[in-house]
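Given next are the chains, with one letter for each unit.
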Amino acid sequence: MKARGYFLACSCQPKADITVAPVGNGQRTPARIRRLELLSHTILRVRLRAEAPFRYFAGQYVSVFRENGVVRSYSLASLPSENEMELHVRKIPGGAMSAWLHDKAQTGARLWLQGSAGNCFYLPGNTEQPLLLAGAGTGLAPFTAC
């Protein structure tokens, strides 16, 4: 994000006059649902393919946007080297995104991705990097990407 001219307004102190604007649609990448598969009665595997290059590190997450503006963030359960991204989505009663994915979404549906985000990720080749992994349920998703 820094290389693209973005910064965290909560932690930066400008040294000169600046113009700021919210992160917009230019930071969103279109994607299509490639496959939907129930892993259990409450967990859905969602396979997505971005329509443009989309970089991430194992352990990061993405924000998923629907056409109607509903957005939710999900950990990536796939390896960055894969052609598709994988999400594990727990069905939340009344959940605007999870209920839609579980009950109404279809293969080929278009979504938008924003991110990747998160600072807890593994850097390949950094064997000295300490790791402490803890999770349960869909919280295991980023571990499958490591």
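Our structure's up above, just so we're on the same page.
All of the points below concern the structure found in this document. (Residues numbered from 1 in each chain as written. Predicted model: local features only at pLDDT ≥ 70, side-chain atom pairs only at ≥ 80, totals over all residues. Heavy atoms only, no water.)

### Here's the deal with the pairing of strand β2 (residues 43-50)
Thought 1: Across the 8 residues of β2, 6 count as buried, placing the element largely inside the fold.
Thought 2: Between strand β1 (residues 28-38) and β2, which pair antiparallel one after the other, the connecting turn spans 4 residues.
Thought 3: As paired strands, β2 and strand β5 (residues 85-90) are joined by 6 bridges and run antiparallel to one another. The residue of β5 that forms the bridge with arginine 47 is glutamate 86. (Buried < 20%, exposed > 50% of the residue type's maximum accessible area, 1.4 Å probe, protein only. Helix = DSSP H or I, 4+ residues; strand = E, 2+ residues; numbered from the N terminus. Pairing = 2+ DSSP bridges.)

### A word on the packing of aromatic side chains
Thought 1: Applying the stated criterion to the full structure yields 1 aromatic pair.
Thought 2: Ring geometry for phenylalanine 54 and tyrosine 56: centres 6.4 Å apart, planes at 50 degrees, overall tilted. The same class applies to phenylalanine 54 as to tyrosine 56, namely buried.
Thought 3: When the ring centre of phenylalanine 65 is taken as reference, the NZ or CZ atom of arginine 28 above it lies at 3.7 Å. (Phe/Tyr/Trp six-rings, centres within 6.5 Å; stacked < 30°, edge-to-face > 60°. Lys NZ or Arg CZ within 6 Å of the ring centre and 35° of its normal.)

### Some points on the pattern of salt bridges
Thought 1: This model, assessed by the stated rule, comprises 10 salt bridges.
Thought 2: One salt bridge connects arginine 34 with glutamate 84, and the closest N-O pair in it is separated by 3.2 Å. Linking arginine 34 in strand β1 with glutamate 84 in the loop between β4 (71-75) and β5, this pair joins segments that are 50 residues apart in sequence.
Thought 3: Owing to a relative accessible area of 41%, arginine 34 belongs among the partly exposed residues under this scheme.
Thought 4: On the accessibility criterion, glutamate 84 (14% relative accessible area) is buried.
Thought 5: For the salt bridge of arginine 47 with glutamate 84, the shortest nitrogen-to-oxygen distance reads 3.2 Å. With arginine 47 in strand β2 and glutamate 84 in the loop between β4 and β5, the pair connects residues that are 37 residues apart, well separated along the chain. (Salt bridge = Lys/Arg side-chain N within 4 Å of Asp/Glu carboxyl O.)

### Regarding the environment of alanine 96
Thought 1: On the secondary structure map, alanine 96 appears in the loop between β5 and α1 (98-103).
Thought 2: Distance from alanine 96 to arginine 66, taken between C-alpha atoms, is 9.9 Å for residues 30 residues apart in sequence.
Thought 3: Apart from the residues lying within four places of it in its own chain, the contact partners of alanine 96 are Arg66, Val70 and Arg72. (Contact = heavy atoms within 4.5 Å.)

### Here we look at the environment of alanine 77
Thought 1: In this structure, alanine 77 sits in the loop between β4 and β5.
Thought 2: Note on alanine 77: relative accessible area 6%, which makes it buried.
Thought 3: Along the primary structure alanine 77 and tyrosine 61 are separated by 16 residues, whereas in three dimensions their C-alpha atoms are 8.9 Å apart.

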